[in-house]
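Descriptive structure summary
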Amino acid sequence: MRSLKRYVALVIAFSFVFPVNCSVTHYSIPEEMKEGSVVANLAADLSLDVKTLNRRKMRLDLIANKKYLDVNKETGELYVVEKIDREFLCTKTLTQCYLKMEVTLENPLRIFNIELEILDINDNAPQFRRDAIHLDISESTPTGERFSLSNAVDPDVGSNTVKTYFISETEHFTIEIQTGRDGSKFADLILKRALDREQQAVHNLILTAVDGGTPARSGTASVIVRVLDTNDNAPTFDKVNYNVKIMENSPIGSLVIHLNATDLDEGSNSDVTYSYSLYTSEKTQETFHLNPSTGEITVKGMLNYEDFKIYDMEVIATDKGANSLSGQCTIKILVEDMNDNHPEISIKSFQSPVNENIELDTVIAVVSVSDKDSGDNGVVDLHIPDNMPFKLRESSDNYYELVVSEPLDREKVPEYDITFTVTDRGSPPLSDNETMTLELLDVNDNVPQFPQSFYTIRVMENNAPGALLSSLTAFDPDLHENQYLVYFIIEKEIANTSMSMLFSINPENGNLYALKTFDYEIEKDFLFHIEARDSGSPPLSSNVTVHIIIVDQNDNAPVIVSPWRAHGSVVEEKIPRSTDKGSLVAKVIALDTDSVHNSRITYQFLQVTDATLFSLDQYNGEIRTMRMFSYRDPRHQRLVVVAKDNGEPALSATVTIKLATVETAVKAYSDMTEVPLEYDIFSDLNLYLVIGLGSVSFLLLITILVTIVLKCQKSKPSKAAPPCRNSVISERNSTIADSTLVSNDAYWYSLFLAETRKGKLVVRQPVPKGSRYIVSSIPRGTGLTDTSDSAASTLQCSA
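Small disclaimer: the values here were computed from a predicted structure and weren't measured. One numbering rule holds for all chains: residues counted from 1, following each sequence as written. pLDDT decides what is reported in this predicted model: residues at 70 or higher carry local features, side-chain atom pairs at 80 or more are listed and counted, and totals for whole chains, interfaces and linings draw on all residues regardless. Derived side-chain values reflect all non-hydrogen atoms in the structure, with water molecules and hydrogen atoms excluded from consideration.

What follows is about the overall build of the chain. Along the chain, the regular secondary structure elements total 7 helices and 53 strands. Across the chain, the fraction of contacts at a sequence separation of at least 24, relative to all contacts at a separation of at least 6, is 66%. Accessible areas in this description were obtained via Shrake-Rupley with a 1.4 Å probe; residue shielding takes into account the shown protein chains only. Accessible surface for the chain amounts to roughly 45300 Å². Of this, 52% is attributable to carbon and sulfur atoms. Elements are defined by DSSP. Helices are runs of H or I of four residues or more, strands are runs of E of two residues or more, and each kind is numbered from the N terminus. Residue contacts are counted whenever heavy atoms from the two residues lie within 4.5 Å of one another.

Have a look at this one:
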């Protein structure tokens with residue numbers, strides 16, 4: 001209420017007793033008061049009784065306005081019902097704004113006029129009609145030129161309205177404040193410095209309007225000055241000089257360079273067209289195309305580094321202004337070499353064929369290489385395969401000699417396909433090749449060669465004369481006459497017989513033939529040489545050793561040499577009837593002049609009187625007793641022995657041995673007393689005598705054998721006896737005899753040495769030529785022989 005009293009001016013007019021008061025009650029309040037704010041105590045000002053206000057139906061009416069105020073009938077106070085906006089109620093042209101009201105009371109009826117002045121407060125800021133003010137000013141406008149700006153409006157009145165303007169800081173513009181006839185304020189924009197669109201095409205300014213209220217309020221607007229262009233700038237290129245590299249063989253239409261000329265002007269003044277100047281050659285214009293709108297230079301014709309390496313051109317850029325301006329630049333196009341040319345090989349000389357014994361380091365060919373490209377693309381390398389006996393030697397620039405680096409051998413490689421490969425050093429590298437064939441001529445540098453260094457040929461004895469023995473073919477890797485071979489036997493005499501009389505060889509094919517029939521028992525092998533000689537000049541030859549082995553056939557039957565037979569084939573022998581079990585009765589020895597398996601003899605009984613009494617060893621021919629004789633056994637025994645060789649078919653010989661048993665006791669004491677022949681030999685006394693006699697005989701035999709062994713170790717061969725070389729003696733301990741196996745020239749004989757009554761041995765079987773025997777005889781030593789027969793040994797060697 002205290003603050004309200006400052007603004008309320010109360011004018012009280014006393015009324016008369018008329019129903020309508022002619023006086024006016026005047027109040028003043030500021031706008032924008034809050035709702036419920038009390039303006040004045042109307043009842044007190046109008047001298048009305050507060051208590052009667054309800055009864056008299058007091059009401060407040062606003063004239064031609066909405067109800068902004070009302071009266072509290074309880075207190076009589078006038079208060080604000082709704083905020084009052086002065087600018088809404090009154091126009092800006094009115095300096096004073098009033099709100100008129102009527103207060104009506106009944107019983108009695110009275111009407112009071114009330115005038116409420118609404119005072120202005122600075123509640124509105126200045127505002128421009130447009131937020132942005134656009135101005136177009138040519139860059140050629142002189143300084144001092146004025147440009148009108150839109151003014152700002154403020155609905156407040158008096159000092160609260162627009163008072164002045166301000167412009168943002170700029171070096172090109174300033175403002176000048178103008179006052180209109182109605183007192184309004186506005187500003188003019190003045191150019192104080194010349195504009196340059198190329199430096200700044202648009203100037204953005206802020207215009208501020210400030211009122212005179214307290215506190216002051218302001219409003220702003222953007223002033224956008226667009227500088228209009230004039231054709232005052234010529235087009236300019238990014239560079240004055242351009243250096244461009246392009247590969248040769250670039251396809252038609254390939255972009256070389258995109259020229260860009262800029263004009264600081266705008267519009268048609270900045271539209272640029274491109275063209276060649278008069279200094280650009282026709283060759284260049286035919287090779288490259290210049291797009292007048294975009295400034296792109298593309299390939300128009302084929303580029304070849306080998307034909308043209310550098311292209312120079314001058315390009316002009318012209319704008320489309322009324323007074324057109326232009327700029328220019330120079331372009332140098334460097335064509336880069338592309339590895340598009342294959343290197344070339346040229347054979348300058350070539351020597352073929354050549355002898356295989358050509359000397360090392362001899363020049364076979366001269367080759368030159370070239371490449372039309374440049375740089376590394378034109379640098380070439382020449383190669384030949386590594387596995388060849390040749391090498392390349394550079395004689396001068398791009399000239400090479402092919403020389404022999406290793407010995408040549410036609411027999412290993414008759415010809416060479418030499419491939420020259422030339423490769424440049426481009427990326428990727430290109431290459432070319434050339435192949436030539438070098439043929440080698442044969443020289444006689446190889447001796448004939450036999451597949452074997454030693455031939456062993458087996459020939460069956462009794463062969464037919466002229467039979468083919470073998471084909472001895474040598475090989476000579478040379479050609480033509482150097483390869484033609486002749487065969488012949490190198491003469492050699494054996495036992496006054498020439499080899500050419502025994503064998504013959506075909507000089508053309510090396511077939512070896514026998515000229516005679518061979519007998520194994522006479523000739524067993526031949527050793528000689530065969531030579532193969534070529535027809536070269538000078539001729540070369542080699543020889544091979546041929547060993548002819550005569551293979552034995554079973555063409556000789558065994559010959560029984562023991563026991564000796566005086567007449568016919570029957571042998572008569574006597575044996576003591578008291579012979580022990582296992583005693584040697586006889587030994588059959590058969591000889592076979594054949595060899596190896598054909599001379600292996602086995603013995604068998606063909607006939608035997610008592611099979612339980614005698615046994616025959618099938619390998620050594622020994623006949624032994626299987627038991628002691630009994631008085632029941634016949635006195636005469638007949639044994640038929642067959643000696644059979646191992647040949648195919650087998651050959652054999654037989655011998656018949658008749659054995660007669662004798663009583664030793666009868667013979668020893670026949671002059672003294674008569675003893676009956678028939679007695680029981682198995683009586684106790686006879687049995688003891690036989691055992692004692694056997695023991696004594698056994699001890700005597702051991703003594704004799706030991707003595708003979710000692711004498712044989714100490715004795716020396718007799719000077720009168722012929723030498724018995726290549727002989728092997730083996731002794732067997734036996735009570736009766738010993739056998740010795742003798743070897744000479746693959747003949748083996750077994751000879752049984754039997755004792756006769758006179759202590760002599762007679763062999764009537766013919767001895768093969770060239771054979772030797774060692775004959776030894778051992779006395780029986782059984783004590784049953786005649787005492788006149790002393791133990792003796794005789795060594796006989798027959799040739």
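At least two bridges found by DSSP between two strands are what make those strands a pair. The sheet built from 3 strands is open, its strands ordered E2-E5-E4 with antiparallel pairing. Since the sheet does not close on itself, it has two edges, and those belong to strand E2 (38-41) and strand E4 (69-71), each with one partner. Averaged over all pairs of adjacent strands, the angle between strand axes in this sheet comes to 20 degrees, irrespective of strand direction. Where helices are involved, their axes are fitted lines through C-alpha atoms of the stretch in contact, as for all axes, and angles between N-to-C directions lie from 0 to 180°.

What follows deals with the sheet that holds strand E51 (residues 652-662). Spatially, E44-E51-E50-E47 is the arrangement adopted by the 4 strands of the open sheet, whose pairing is mixed. Every interior strand has two partners, whereas the edge strands, strand E44 (570-576) and strand E47 (602-608), have only one. Going from strand to strand, the sheet's axes swing by 30 degrees on average, the running direction of each strand aside. Bridge count between E47 and strand E50 (residues 636-644): 6 bridges; the pairing is antiparallel. By the bridge assignment, glutamine 604 is partnered in E50 with valine 642.

In what follows, salt bridge is the name for a side-chain nitrogen of Lys or Arg lying within 4 Å of a carboxyl oxygen of Asp or Glu. Inspection of the entire model under this criterion finds 21 salt bridges. Here aspartate 361 ties to arginine 393 by a salt bridge, and the two come within 3.1 Å at their closest N and O atoms. Note that aspartate 361 is positioned in the loop between strand E27 (354-355) and strand E28 (363-370) and arginine 393 in strand E30 (residues 390-396), a separation of 32 residues in sequence. Think of it in three bands: residues with accessible area under 20% of the maximum for their type are buried, residues over 50% are exposed, and the middle band is partly exposed, with areas taken using a 1.4 Å probe on protein chains only. Under the relative-accessibility criterion, aspartate 361 is labelled partly exposed at 40%. Arginine 393 gets classed as partly exposed once you look at its relative accessible area, which sits at 32%.

Right, let's get into the side chain of serine 250. On the secondary structure map, serine 250 appears in the loop between strand E18 (241-247) and strand E19 (255-258). Side-chain atoms alone can form a polar contact between residues adjacent in sequence; in general such a contact is a pair of N or O atoms within 3.5 Å, and within protein one must be able to donate a hydrogen while the other accepts it. Of note is the side chain of serine 250, whose polar atom sits 2.4 Å from the backbone oxygen of methionine 247.

Assignment of secondary structure puts glycine 267 in the loop between strand E20 (261-262) and strand E21 (272-276). Taking C-alpha positions, glycine 267 is 9.6 Å from threonine 230, a pair spaced 37 residues apart along the chain.

Side chains Leu60 and Leu62 project from strand E3 (residues 59-62) onto a buried face, and the interleaved Arg59 and Asp61 project onto a face without burial. Where E3 lies against strand E6 (residues 98-105), 4 bridges are found, and the strand directions are antiparallel. Considered in E6, the bridge of leucine 60 is made with valine 103.

Right, let's talk about the confidence of the model for the chain for a bit. Values of pLDDT, which run from 0 to 100, indicate the predictor's confidence residue by residue. When the pLDDT values of the chain are averaged, the result is 79; 82% of them are 70 or greater. Scored below 50 in pLDDT, residues 1-20 makes 33 contacts in the model with residues more than four places away or belonging to other chains.

Once that is clear, we can look at the packing of aromatic side chains. Pairing of aromatic rings covers Phe, Tyr and Trp, the last through its six-membered ring, and needs centres within 6.5 Å; plane angles under 30 degrees mean stacked, over 60 mean edge-to-face, and all others mean tilted. Counted according to the given criterion, the structure contains 12 aromatic pairs. With a centroid separation of 6.1 Å and 50 degrees between ring planes, the pair formed by phenylalanine 128 and tyrosine 165 is classed as tilted. Here phenylalanine 128, found in strand E8 (residues 127-128), pairs with tyrosine 165, found in strand E12 (residues 162-167); they are 37 residues apart in sequence, far enough to count as distant. A relative accessible area of 9% places phenylalanine 128 in the buried class. In this structure an aromatic cluster arises from ring pairing among Phe503, Phe518, Phe526 and Phe528. One Lys or Arg, lysine 309, reaches over the ring of tyrosine 305 and ends 4.9 Å from the middle of that ring. A ring has a charge above it when a Lys NZ or an Arg CZ is no more than 6 Å from the ring centre and no more than 35 degrees off the ring normal. The ring of tyrosine 520 carries lysine 524 above its face, with NZ or CZ at 5.3 Å from the centroid.

All right, on to the environment of histidine 383 then. Within the fold, histidine 383 resides in strand E29 (residues 380-383). Remark: the alpha-carbon pair of histidine 383 and phenylalanine 420, spanning 37 residues in sequence, is separated by 5.9 Å.

Working definition of a nonpolar core: buried Ala, Val, Leu, Ile, Met, Phe, Trp, Tyr and Cys residues. They are joined through side-chain atoms within 4.5 Å. Ranked by internal contacts, the top residues of the largest apolar core, which has 29 residues, are Leu42, Leu69, Leu78 and Leu116. When neighbours within four sequence positions are excluded, leucine 42 is seen to be in contact with Tyr27, Met58, Val71, Gly76, Glu77, Leu78, Val103 and Ile114. Grouped together as the second largest cluster of nonpolar side chains are 26 residues, Tyr455, Val459, Leu485 and Phe526 included.

Two distance rules govern patches: like charges are joined within 9 Å, and nonpolar side chains (Val, Leu, Ile, Met, Phe, Trp, Tyr) within 5 Å, applied only to residues with over 30% relative accessible area and no salt bridge. A contiguous nonpolar surface patch, about 480 Å² in accessible area, is contributed by Phe698, Leu699, Ile702, Val706 and Leu710. Inspection of the secondary structure puts phenylalanine 698 in helix H7 (residues 684-714). Residue classification places phenylalanine 698 among the exposed positions, given a relative accessible area of 51%.

As a further point, take the environment of serine 595. By secondary structure assignment, the location of serine 595 is in the loop between strand E46 (589-591) and E47. For the pair serine 595 and glycine 647, spaced 52 residues apart in sequence, the C-alpha to C-alpha distance is 9.6 Å. Reaching out from serine 595, the side chain makes a polar contact with the side chain of tyrosine 520 at a distance of 2.7 Å.

Attention now moves to unusual backbone geometry. Here the amide bond leading from asparagine 107 into proline 108 is cis, since omega sits at -10 degrees, within 30 degrees of zero. Of note, proline 108 is situated in the loop between E6 and strand E7 (110-119). Of note, the amide linkage connecting serine 427 to proline 428 takes the cis form, showing an omega dihedral of 0 degrees. In this fold, proline 428 is placed in the loop between strand E32 (415-424) and strand E33 (431-441). A positive phi is found at asparagine 107, a non-glycine position, where the angle reads about 55 degrees. Looking at the secondary structure, you find asparagine 107 in the loop between E6 and E7. One non-glycine residue with positive phi stands out, namely asparagine 398, at about 65 degrees. By the element assignment, asparagine 398 lies in the loop between E30 and strand E31 (399-404). When its relative accessible area of 36% is taken as the criterion, asparagine 398 is described as partly exposed.

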